[in-house]
Amino acid sequence: MITIEDIIEQLQSYHAQADQHLLIRACEFCTRAHHGQKMADGRDYLQHSLEIASILVRLKVDETTLAVGILHNSLLSGLVTREELVTEFGLELISLIEIGNKISNIPYRQSNQQQVESFRKMFVAMARDLRVILVYLAVRLSDMRNIGLRKEQEQTACSRETLEIYAPLANRLGISWLKGELEDLSLQVLEPEKFAALAQRITAHKEQRGEYVAKVREQICELLEQSGIQGEVTGRFKHFYSVYRKMERTGVDLDQIYDLTAFRILVDSVRECYEVLGLVHATWKPISGRFKDYIAMPKTNMYQSLHTTVIGPYVERMEVQIRTREMHRIAEEGVAAHWKYKEGGAVAVTGRDDQRFNWLRQVLEWQRDVSTEWSASDTSFIDLFPEAVYVFTPNGDVKELPQGSCPIDFAYAVHTDVGKQCVGARINGKLCPLKTQLKNGDIIEVMTSAHQTPSKDWLSFVKTSKARNKIRQWIKAEQREKSVEIGRELLEKELRKHQYSLKRAMSLASFTQAVSELGFKSAEDVFAAIGYGKLSSGQVVSHALPKEEQKQQPGKPGRLEKVLDRFTKRKPQSAILIGGIDNVMVRFANCCNPLPGEPVTGFITRGRGLTVHVKNCSQVLSSEPERRVDIEWDMQRKTTRPVKIQVTNSDLKGMLVGISGAISDADANIFSAVVHTRGDRKGTNLFEIEVENLEHLNRVIRQIKKVKGVIRVERVRN
């Protein structure tokens, strides 16, 4: 039986200034909150709370965190109120309990969407206060130790959730003993027959291998002694789950796994770590590709060690881990190894150790990047601790990225702006495609351009959450900007039917009221909704304009008009005929800027009306054929269209006047002109003019060519 005195004694061993009276009060309050409540095995509920506290005290947490562990379910019992807890323990403690309750209420489903949502909520909680996660890891370990008391269906669901969420979290925090126990307990429930067989064989293997482990340990100790190195050598067997995963992954039997035993060597300094590595490799032959230097390039969970696999005594493979005693403490305790207790009793991470918590800042950034609308359709399953590759900046800084990462992931890891403006990359001095997968030790140099923007195609090969989220944010913002512009244009056209301008309509009190009635916060949100196709401009007008000023709409539409009206609103005085029906609202494509008289085709866009393209336009040729419509110009109607022409001429006096005069003589209006003088005594002039049709444009070009000094005239398509 665990007592509060046992907990206090362990707490004071590492935190002498701790407030032990807080823990005593927490136990008394827990007893009151769970009065008469028993665990499934008949124990008082307080014993469950003290078991959680005994796990937490092993993590060297402060007294506030221990109190949260003891009281974590007090609010859910219904026997005490939030006000009572606040009065007794203050707002800090109650806020930690409430955050934890939100985590515990996440409904777990065996689907990507629910898992992603679980991770997201845990990230939010972790970013606010890491202690909440430590408490609920301890709660989960206590639950798993007593999992046999639950119904079979509950056991399976809880174990799967533990294996897929809580064990990776423990790994991310660097608490190896907690991760290992959670994995083994989960495997015991999920694969009981395999676990039992494996446990029996490994236990028998341990007994048989005991003599082997003792002899190898003795040989390593002799090596250290001969070199004058003070070290501690231990031999250990791998966790059941680790062995099970290796058997499943490689498809081999237990008898074919040669590195079941790992030897750990603890020394006093980093220099001695590498000396011992040299001794081991000089004595036994190392296996190629099985050496990992986590001292020079630590894992993100602060883990540091040298790992190597060699052909050891009796021609058997064996894994050797070499680290300092401080590294070993961090490997076992993880985040808890870096708590610093100040005189006031507060806990903090300070100085050099703060650098080890970079990943927590990444978690905070994920929280900021990820919207509440994030769903499984936006991203795949998140791996909290994926296999990593370590790459370098040209300055020698190390960046850790998930396996399969590309230069764009690296660019975003350096800085968001670097990722956004990435146009290319050199890997080890050689130009490579942006989708090239990075390898350990690569030196990456990113090339940027101020004119570059993220591409939607990048989402198909980037791996990091930061890169994915930043690319999606940019695309969403860009789409919204375009949708606002389109929506504004559609609404303006609809308002013209009622002899209203957009400016006049927006000045009406009824317009402001309509925005609110339609469920939007601002007029810009309304424009965006129209542009996205979520709302029609007719709906807005019917809400925004006084009823007596709304004009009557034309009579019953034809069958083809009904089809088109699903995508667009009607517009009077269009110069386009669609299958013999006129007066359909159209937009003209900026990519090819069609003119009356040119062969054209129509493309029905979602929420943007019908867009007119030149028939040989590359954009429409690559579009969906079923959304193209046969259209033609209504040449009986007088209309004008803007067009750009570029004039190249000799740099002579009066050239601009002559060209402008020629355009006017051809009955065309000039909207704008950009004049540029080149170094070769030539000039390039870009004119935007208004013409009636293709024949009119050709007449303008002929007039300009008559001007002395004009070298070339050509039409410019956007």
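Rules of the game
Residues numbered from 1 in each chain as written. Predicted model: local features only at pLDDT ≥ 70, side-chain atom pairs only at ≥ 80, totals over all residues. Heavy atoms only, no water. Axes fitted to C-alpha atoms, helices over the stretch in contact; angles between N-to-C directions. Helix = DSSP H or I, 4+ residues; strand = E, 2+ residues; numbered from the N terminus. Parallel < 35°, antiparallel > 145°, perpendicular 65-115°, else oblique. Left-handed = near helix turned anticlockwise from the far one by under 90°. Contact = heavy atoms within 4.5 Å. Nonpolar A, V, L, I, M, F, W, Y, C, P; charged D, E, K, R; others polar. Pairing = 2+ DSSP bridges. Core = buried A, V, L, I, M, F, W, Y, C linked by side-chain atoms within 4.5 Å. Buried < 20%, exposed > 50% of the residue type's maximum accessible area, 1.4 Å probe, protein only. pLDDT = per-residue confidence, 0-100. Salt bridge = Lys/Arg side-chain N within 4 Å of Asp/Glu carboxyl O. Phe/Tyr/Trp six-rings, centres within 6.5 Å; stacked < 30°, edge-to-face > 60°. Lys NZ or Arg CZ within 6 Å of the ring centre and 35° of its normal. Arc of directions from axis to C-beta. Polar contact = N/O pair within 3.5 Å; in protein donor to acceptor, adjacent residues only side chain to side chain.

Peer 1: Is there a simple way to think about the packing of helix α1 (residues 4-14) against helix α3 (residues 45-58) in this case?
Peer 2: Helix-helix packing is characterised by the crossing angle of the two axes and by the distance between the axes. Between α1 and α3, the shortest axis-to-axis distance is 10 Å and the interhelical angle comes to 15 degrees. Our classification of the angle between α1 and α3 gives roughly parallel. As for how α1 packs across α3, the hand of that crossing is left-handed. Residues Ile4, Ile7, Gln10, Leu11 and Tyr14 of α1 pack against Leu50, Ala53, Ser54 and Val57 of α3. Looking at the contact of α1 with α3 residue by residue, the classes come out as 7 nonpolar, 2 polar and no charged.

Peer 1: Is there a simple way to think about the sheet that holds strand β11 (residues 422-427) in this case?
Peer 2: Pairing between the strands of a sheet is mediated by backbone hydrogen bonds and can be parallel or antiparallel. Read across the sheet, 3 strands follow the order β12-β11-β13 without closing on themselves; strand pairing throughout is antiparallel. Either end of the sheet is taken by a strand with one partner, and the two such strands are β12 (430-432) and β13 (444-448). In this sheet, adjacent strand axes meet at a mean angle of 35 degrees when their direction is disregarded. Relative to β13, β11 runs antiparallel, the two sharing 5 bridges. Note that in β13 the partner of Ile427 across the bridge is Ile444.

Peer 1: Quick question: what am I supposed to make of the sheet that holds strand β20 (residues 641-650) here?
Peer 2: Taken in spatial order, the 4 strands of this open sheet run β21-β22-β20-β23, and their pairing is antiparallel. Among the strands making up the open sheet, the edge pair consists of β21 (669-677) and β23 (710-716). Strand after strand, the sheet turns through a mean of 20 degrees between neighbouring axes, direction not considered. Pairing between β20 and β23: 6 bridges, direction antiparallel.

Peer 1: Looking at this structure, how should I read the nonpolar core?
Peer 2: Across soluble globular proteins, nonpolar side chains show a tendency to be buried alongside one another. Grouped together as the largest cluster of nonpolar side chains are 60 residues, with contacts concentrated most on Leu56, Leu66, Leu71, Leu137 and Leu182. If one sorts the elements of this core by residue count, helix α8 (residues 130-145) sits on top with 11 residues. Core analysis: the next-biggest nonpolar cluster, separate from the first, contains 24 residues, Tyr212, Val213, Val267 and Met327 among them.

Peer 1: I keep staring at the confidence of the model for the protein chain and nothing clicks. Help me out?
Peer 2: For residues with low pLDDT, the predicted coordinates do not support detailed interpretation. On average, the protein chain scores 79 in pLDDT, and the residues at 70 or more come to 80%. Low pLDDT, under 50, characterises residues 552-556; the predicted model gives this stretch 3 contacts beyond four residues in sequence or across chains. Low pLDDT, under 50, characterises residues 579-583; the stretch is placed with 13 contacts to residues that sit more than four places away or in other chains.

Peer 1: What is the right way to read the pattern of salt bridges from this model?
Peer 2: Between side chains of opposite charge, a pair can form when the charged atoms approach closely. Summed over all chains, the structure comprises 24 salt bridges. With a shortest N-O distance of 3.9 Å, Lys420 and Asp417 are connected by a salt bridge. Pair noted here: Lys420 and Asp417 are both in helix α17 (residues 416-420), with a separation of 3 residues, about one helical turn. Classification of Lys420 by relative accessible area gives partly exposed; the value is 29%. Here Glu598 and Arg717 are joined by a salt bridge, their closest N and O atoms 2.9 Å apart. Here Arg717 lies in the segment after β23 and Glu598 lies in the loop between β15 (586-588) and β16 (600-605), a separation of 119 residues in the sequence. Three or more residues joined by partner-sharing salt bridges are found here, namely Asp62, Glu92 and Arg131.

Peer 1: Looking at this model, I keep getting lost on the packing of aromatic side chains. Mind explaining?
Peer 2: Aromatic ring pairs are reported here in terms of the distance separating the ring centres and the angle at which the planes meet. What the rule picks out here adds up to 4 aromatic pairs. Taking the centre distance of 5.3 Å and the plane angle of 80 degrees together, the rings of Phe195 and Phe240 count as edge-to-face. In this pair, Phe195 sits in helix α11 (residues 192-226) while Phe240 sits in helix α12 (residues 240-250), placing the two residues 45 residues apart along the sequence. For Arg58, the ring lying beneath its charged end belongs to Trp177, and the centroid distance is 3.7 Å. The ring of Tyr500 has Arg504 sitting right over it, with the charged end atom 3.8 Å from the ring centre.

Peer 1: For this particular structure, what's the right way to read the side chain of Thr162?
Peer 2: Secondary-structure assignment places Thr162 in helix α9 (residues 152-172). What makes Thr162 buried here is its relative accessible area of 0%. Not counting chain neighbours up to four residues away, the residues in contact with Thr162 comprise Arg140, Met144, Ala167, Pro168, Leu182 and Ser186.

Peer 1: So what exactly am I meant to see when it comes to the pairing of strand β22 (residues 682-691) here?
Peer 2: On any regular strand, side chains alternate: one points to one face of the sheet, the next to the other face. When β20 meets β22, the two strands line up antiparallel, connected through 10 bridges. Bridge pairing links Gln646 to Leu686 in β22. Pairing between β21 and β22: 8 bridges, direction antiparallel. Looking across to β22, one finds that Val674 is bridged to Leu686. Hairpin remark: β21 followed by β22, antiparallel, with 4 residues in the connecting loop; positive phi at Arg681, about 60 degrees.

Peer 1: Would you mind showing me how to read α1 here?
Peer 2: Considered for burial, the residues of α1 that qualify are Ile4, Ile7, Ile8, Leu11 and Tyr14. End-on view of α1: buried residues confined to an arc of 130 degrees, all on one side of the axis. Of the exposed residues in α1, the ones pointing more than 90 degrees away from its buried face are Glu5, Glu9 and Ser13.

Peer 1: Whenever I open this one, the pairing of strand β5 (residues 306-311) confuses me. Can you help?
Peer 2: Counted residue by residue, β5 has 5 buried out of 6 residues, so it is predominantly covered. Two strands pair when backbone bridges link them, and strand β3 (residues 285-286) and β5 are joined in this way by 2 bridges, in the antiparallel orientation. Paired with Pro286 across the strands is Val310, a residue of β5. Between β5 and strand β6 (residues 317-324), which pair antiparallel in sequence order, lie 5 residues; one of them, Tyr314, sits at a positive phi of approximately 60 degrees.

Peer 1: Just to check I follow, could you spell out the environment of Tyr45 for this structure?
Peer 2: Secondary-structure assignment places Tyr45 in helix α3. Placed 14 residues apart in sequence, Tyr45 and Thr31 show a C-alpha to C-alpha distance of 7.6 Å. Not counting residues within four places of it along the chain, the set of residues in contact with Tyr45 comprises Cys30, His34, Gln37, Met39, His72 and Asn73. A polar atom in the side chain of Tyr45 sits 2.8 Å from the side chain of Asn73.

Peer 1: Just checking my understanding: could you explain the packing of helix α2 (residues 20-33) against helix α5 (residues 82-89) for this structure?
Peer 2: Axis separation between α2 and α5 bottoms out at 11 Å; the angle between their running directions is 165 degrees. Considering the angle they form, α2 stands roughly antiparallel to α5. Considering the relative orientation of α2 and α5, their crossing is right-handed. Of the residues in α5, those touching α2 at Leu22, Arg25, Ala26, Phe29 and Arg32 are Glu84, Leu85, Glu88 and Phe89. Split by residue class, the contact of α2 with α5 holds 5 nonpolar, no polar and 4 charged.

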